[in-house]
Amino acid sequence: MPGAARPAVTVCRGCCCGTAAKVPRLDHEARLADLRTSLAGAAMVRRVDCLDACERANVIVIQPSAEGRQAGGRPIWLGQVNDPGAAADISTWATNGGPVLTDPPDISDPSGPSRRERHELDD
């Protein structure tokens, strides 16, 4: 399945997200590995340095698949994704179609755009 046809899962692992200093009780690398393993073939998983929403560490953005975008889907930002079962919930959601095609899991507080994006919207 081509990458654009699948949902994309972007995982922040920069200065705050993915660090024991910010969220000490998680094995951040194991969580990322869990996502990659459980989403193999169902969604593309990307690791990025910073999504600029540090106040909501750990942040994950789910991009809709091509079908989801055609149905009006937009990226869904998930903040404070610190629950041990979050990788499984996100994997199930993305495997079943992701944003707009299936309901999101009740895993965390959905957040909006980053501080930078909010600032640009205010200007």
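Given the structure is predicted, the values throughout are model-derived calculations rather than measurements.

Rules of the game
Residues numbered from 1 in each chain as written. Predicted model: local features only at pLDDT ≥ 70, side-chain atom pairs only at ≥ 80, totals over all residues. Heavy atoms only, no water. Helix = DSSP H or I, 4+ residues; strand = E, 2+ residues; numbered from the N terminus. Buried < 20%, exposed > 50% of the residue type's maximum accessible area, 1.4 Å probe, protein only. Contact = heavy atoms within 4.5 Å. Areas by Shrake-Rupley, 256 points an atom, 1.4 Å probe, with all protein chains shown as cover. Arc of directions from axis to C-beta. Salt bridge = Lys/Arg side-chain N within 4 Å of Asp/Glu carboxyl O. pLDDT = per-residue confidence, 0-100. Core = buried A, V, L, I, M, F, W, Y, C linked by side-chain atoms within 4.5 Å.

**Thoughts on the overall build of the chain**
Thinking step 1. In terms of regular secondary structure, the chain is built from four helices and five strands.
Thinking step 2. Ordered by position from the N terminus, the helices and strands of the chain form the series β-α-β-β-α-β-α-β-α.
Thinking step 3. Split into buried and exposed, the 123 residues of the chain put 45% on the buried side.
Thinking step 4. In the chain, the proportion of contacts linking residues at least 24 apart, taken out of those at least 6 apart, comes to 71%.
Thinking step 5. Here the chain displays about 6500 Å² of accessible surface, and carbon together with sulfur accounts for 50% of that area.

**As for helix H3 (residues 86-95)**
For an α-helix, 3.6 residues make a turn, and residues three or four places apart therefore share a direction.
Thinking step 1. All buried positions along H3 are accounted for by Ala86, Ala87, Ile90, Ser91, Trp93 and Ala94. Around the axis of H3, the buried residues are gathered within 165° of arc, so they sit on the same side.
Thinking step 2. Once H3 ends, the next one or two residues include Gly97, with phi positive near 130°.

**Comments concerning the pattern of salt bridges**
Thinking step 1. Under the defined criterion, the tally for this structure stands at one salt bridge.
Thinking step 2. A salt bridge links Glu29 to Arg47; its shortest N-O distance comes to 3.1 Å. In this pair, Glu29 sits in helix H1 (residues 28-39) while Arg47 sits in strand S2 (residues 44-48), placing the two residues 18 residues apart along the sequence.
Thinking step 3. Take Glu29: its relative accessible area is 44%, and that puts it in the partly exposed class.

**Observations regarding the confidence of the model for the chain**
Thinking step 1. On average, residues of the chain carry a pLDDT of 83, and 83% of them reach 70 or more.
Thinking step 2. Across the chain, the secondary-structure element scoring lowest on mean pLDDT is strand S5 (residues 109-111), at 48, and the one scoring highest is S2, at 95.

**Notes on the nonpolar core**
Thinking step 1. Counting residues in hydrophobic clusters, the biggest one holds 17 residues, and the most contacted among them are Val9, Val11, Leu35, Leu39, Ile60, Ile62 and Ile90.
Thinking step 2. At five residues, H3 tops the list of elements feeding residues into this core.
Thinking step 3. Beyond its immediate chain neighbours, meaning those up to four positions away, Ile62 contacts Ala8, Val9, Arg74, Pro75, Ile76, Leu78, Ile90, Trp93 and Pro99.
Thinking step 4. Residues Leu26, Leu51, Ala53 and Val61 belong to the second largest nonpolar core, which totals ten residues.

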